[in-house]
Amino acid sequence: MGFTEIFVATHDAALKRAAALDGGAAAAPGAVRIPEISDFEVERLGDLAGAAVHAKGADYELAMVDVASDSLLGAPAAMVRALAELLSYETEGEGDVLADVAESWAAEEDMPFGAEQAAIYVRQLAELAAGIDPATKAGLYVWTS
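Given the structure is predicted, the values throughout are model-derived calculations rather than measurements. (Residues numbered from 1 in each chain as written. Predicted model: local features only at pLDDT ≥ 70, side-chain atom pairs only at ≥ 80, totals over all residues. Heavy atoms only, no water.)

1. Some remarks on the nonpolar core
Turning to step 1, where the next piece is worked out: Counting 38 residues, the largest nonpolar core has Ile-34, Leu-86 and Trp-105 as its most contacted members.
Turning to step 2, where the next piece is worked out: Where this core is concerned, the elements lending two or more residues are strand S2 (32-35), helix H2 (39-52), helix H3 (77-85), helix H4 (97-106), helix H5 (115-130) and strand S5 (139-144).
Turning to step 3, where the next piece is worked out: Here this core gets seven residues from one element, more than from any other, and that element is H5.
Turning to step 4, where the next piece is worked out: When residues no more than four places from it in sequence are discounted, the contact partners of Trp-105 are Ile-34, Ile-37, Glu-41, Leu-45, Leu-48, Met-111, Phe-113, Ala-118, Tyr-121 and Val-122.
Turning to step 5, where the next piece is worked out: Core analysis: the second largest hydrophobic core is formed by 12 residues, Ala-9, Ala-28, Ala-31 and Tyr-141 among them. (Core = buried A, V, L, I, M, F, W, Y, C linked by side-chain atoms within 4.5 Å. Buried < 20%, exposed > 50% of the residue type's maximum accessible area, 1.4 Å probe, protein only. Helix = DSSP H or I, 4+ residues; strand = E, 2+ residues; numbered from the N terminus. Contact = heavy atoms within 4.5 Å.)

Structure, rendered in C-alpha cells:
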C-alpha cells in the first residue's frame, strides 16, 4: 500500500496537485502525508470526529470531485467542520476530545500506527480543516495512491 495525502486547495489546484501526485511528486508543504492508509481510514476518522463533537450521523463519506482523477476525493463539509471542532470542542470532564479521537482511530483494525502518531496526524488534519476560508472556495482534498 502507498500513502494518502490530505491537503487544502481550490478545485483547480487540487486537480493539478493530484496530477503531480499521480506522477510521483514529493509531499507538498502544508499537506499531511500518511503512509499505509486509504481513503477508508480517512472516512473512519471523519465518523469518529463527528461522534466526538456530537455530530454523529452526518455524511462523512469522501466523494469523487472530478472525472479527471479517480484518486482525488473531496471531504464533505460535515467532516471539515467536525475535524476543525476537535481543536476547540468544550467538554465537561470528558478529557481531551482530540486525543480520544486519535486513540480510537489508532485502535481501528489494521491501522499502521499507534495512538501517539495518530494524535499528531489528527491535530494536523484538524488544523488544516480549521484553516479553510470558505471565501477562497478552498476545500479539504484526499489523494490516495
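Having seen the model, we can carry on.
2. Examining the sheet that holds S5
Turning to step 1, where the next piece is worked out: The antiparallel open sheet is built from five strands, whose spatial order is S2-S1-S5-S4-S3. Taken across any chain shown, the strands that pair with only one partner, and hence form the sheet edges, are S2 and strand S3 (63-64).
Turning to step 2, where the next piece is worked out: The pairing of strand S4 (residues 72-74) with S5 spans three bridges and is classified as antiparallel. In the sheet register, Leu-72 faces S5, and the bridge partner there is Trp-143.
Turning to step 3, where the next piece is worked out: Against the sheet, helix H1 (residues 11-22) engages strand S1 (3-9), S2, S4 and S5, with an angle of about 155° to S1. (Pairing = 2+ DSSP bridges. Axes fitted to C-alpha atoms, helices over the stretch in contact; angles between N-to-C directions.)

3. Comments concerning the packing of aromatic side chains
Turning to step 1, where the next piece is worked out: All chains considered together, the criterion is met by four aromatic pairs.
Turning to step 2, where the next piece is worked out: Ring geometry for Phe-113 and Tyr-121: centres 5.1 Å apart, planes at 65°, overall edge-to-face.
Turning to step 3, where the next piece is worked out: Taking the relative accessible area as the measure of exposure, Tyr-121 reaches 10% and is therefore buried.
Turning to step 4, where the next piece is worked out: Chaining the aromatic ring pairs together yields one cluster made of Trp-105, Phe-113 and Tyr-121. (Phe/Tyr/Trp six-rings, centres within 6.5 Å; stacked < 30°, edge-to-face > 60°.)

4. Quick look at the pairing of S5
Regular strands place side chains that alternate from one sheet face to the opposite one.
Turning to step 1, where the next piece is worked out: Extensive coverage of S5 is indicated by the burial of six of its six residues.
Turning to step 2, where the next piece is worked out: The alternating pattern of S5 places Gly-139, Tyr-141 and Trp-143 and Leu-140, Val-142 and Thr-144 on opposite faces, both of which are buried.
Turning to step 3, where the next piece is worked out: Two strands pair when backbone bridges link them, and S1 and S5 are joined in this way by six bridges, in the antiparallel orientation. The residue of S5 that forms the bridge with Thr-4 is Thr-144.

5. Some thoughts on unusual backbone geometry
Most peptide bonds are trans, and most residues other than glycine sit at a negative phi.
Turning to step 1, where the next piece is worked out: Phi angles above zero are rare outside glycine, and His-54 is one such case at about 60°.
Turning to step 2, where the next piece is worked out: Turning to its location among the elements, His-54 is positioned in the loop between H2 and S3.
Turning to step 3, where the next piece is worked out: A positive phi angle, near 65°, is found at Asp-110, a position not held by glycine.
Turning to step 4, where the next piece is worked out: With respect to the element layout, Asp-110 can be found in the loop between H4 and H5.
Turning to step 5, where the next piece is worked out: Taking the relative accessible area as the measure of exposure, Asp-110 reaches 66% and is therefore exposed.

6. Considerations on the packing of H3 against H5
Turning to step 1, where the next piece is worked out: Orientation of H3 relative to H5, taken along the N-to-C sense of each, is 115°, at an axis distance of 7 Å. For the crossing formed where H3 meets H5, the hand is left-handed. Contacts from Val-80, Leu-83 and Ala-84 of H3 reach H5 at Ala-126, Ala-129 and Ala-130.
Turning to step 2, where the next piece is worked out: Here the contact of H3 with H5 is built from residues that sort into six nonpolar, no polar and no charged. (Left-handed = near helix turned anticlockwise from the far one by under 90°. Nonpolar A, V, L, I, M, F, W, Y, C, P; charged D, E, K, R; others polar.)

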